[in-house]
Amino acid sequence: MKPPRKIVTRSPHRRVGYVPCPWLQQNHVGYESLLEASFIRIALLCPNLQELHHQPFRLDLDELGTYTPDFFLKCHSFQNLVVEVKPSGHVAKHAEKLHAAQQILKEKGCQFLLCTEVEIYGDERGERAGQILRPTRSFLPATMVNQIVRRLPEMIYPISADALAAKLGISLQQVLYLVGRRYLQAPSDLRTDELYYTASEEIGNGNFSARAWIGSAAW
């Protein structure tokens, strides 16, 4: 693997920028399209995610040239995921290179996922991720957060965001803050009518498939 190329430069043809996530890591996560930005928001809510990096390295594919994956996800469950985010209409054009990269990554112990607009925008999942993460960037005093978090084990799960807000005497936005900061876990469809406590044995021990949670296109 080679160092990544320089990324996120201004472009008149596409949206580029960074998504800050200081509750997870110091480094912002770059994106070079709105589809990538939506993927980042979904990935940040993946259970047991440890690190998220944009264009983390380059692979030498011999006669096919080089390949730079879009994202690398390091998870507590030891499922290292390499993700290519691409519009479905562009997949066939790059299929040979993607298959070659997939084989190399498999040999290195990484799972390769292809995410298109179907996985990211389907069932409004990308929109829900944005709705959850908006309150996450707000400031709540540490004492308030600690007081709320101490009461979470008392609740019976799964529980809806509205019901939890009522039981705790807090706002819905504060419940979403807890989801975004990963004190609580939403299911993979990111609906908030069934939230889970992240300290539960199943989530805490990584007994789930991060690959299935993120989703991957058939290609």
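For clarity, every value in this text was computed on a predicted model and none was experimentally measured.

Chemist: Looking at this structure, I do not really get the pattern of salt bridges. What am I missing?
Modeler: Between side chains of opposite charge, a pair can form as their charged atoms come close. What the rule picks out here adds up to five salt bridges. For R191, the salt bridge goes to D123, with nearest N and O atoms at 2.9 Å. Taken as a pair, R191 in the loop between β9 (184-185) and β10 (196-197) and D123 in the loop between α3 (117-121) and α4 (125-136) lie far apart in primary sequence, 68 residues in all. For R191, a relative accessible area of 32% gives the class partly exposed.

Chemist: Sorry if this is basic, but what is going on with helix α7 (residues 172-180) here?
Modeler: For the α-helix, the turn length of 3.6 residues means that residues three or four positions removed from each other point alike. Of all nine residues in α7, seven are buried, a share of seventy percent or more. Turning to α7, its buried residues number three or more, namely Q174, V175, L176, Y177, L178, V179 and G180. Each element contacted by the buried residues of α7 is listed here: α4, α5 (142-151), α6 (161-168) and β9.

Chemist: I tried to follow the packing of aromatic side chains on my own but got confused; where do I start?
Modeler: The geometry of an aromatic ring pair is captured by the separation of the ring centres together with the interplanar angle, meaning the angle of the planes. One pass over the full model with this rule turns up four aromatic pairs. Each ring, one from Y67 and one from F112, has its centre 6.3 Å from the other, and the planes form 65°; the classification is edge-to-face. Here F112 lies in strand β8 (residues 111-115) and Y67 lies in strand β5 (residues 66-67), a separation of 45 residues in the sequence. Exposure remark for Y67: the relative accessible area of 6% places this residue in the buried category. Among the residues examined, F112 registers a relative accessible area of 2% and is labelled buried. With a centroid separation of 5.8 Å and 15° between ring planes, the pair formed by Y157 and Y197 is classed as stacked. Highlighted residues: Y157 in the loop between α5 and α6 and Y197 in strand β10, separated in sequence by 40 residues. By way of ring pairs, the aromatic residues Y67, F112 and W219 are connected into one cluster. Here the basic side chain of R125 rests over the ring of W213, its NZ or CZ set 5.8 Å away from the ring centre.

Conventions used here
Each chain carries its own residue numbering, running from 1 in the written order of its sequence. Reporting in this predicted model follows two pLDDT cut-offs: at least 70 for local features of residues, and 80 or more for side-chain atom pairs to be given and counted; totals over whole chains, interfaces and linings ignore these cut-offs and use all residues. Side-chain figures throughout are based on the complete set of non-hydrogen atoms in the structure, without hydrogens or water. Throughout this description, the term salt bridge denotes a Lys or Arg side-chain nitrogen within 4 Å of a carboxyl oxygen of Asp or Glu. We count a stretch as a helix when DSSP gives it H or I for four or more residues in a row; a strand needs E for two or more, and each element gets its number in order from the N terminus. The buried label applies to any residue whose accessible area, calculated with a 1.4 Å probe on protein chains only, is under 20% of its type's maximum; exposed applies above 50%, and partly exposed to all values in between. Throughout, a residue-residue contact means that at least one pair of heavy atoms, one from each residue, lies within 4.5 Å. Two rings from Phe, Tyr or Trp (for Trp, the six-membered ring) form a pair when their centres sit within 6.5 Å of each other. Planes less than 30 degrees apart are called stacked, planes more than 60 degrees apart edge-to-face, and all others tilted. The criterion for a charge sitting over a ring is simple: Lys NZ or Arg CZ within 6 Å of the ring centre, and within 35 degrees of the ring normal.

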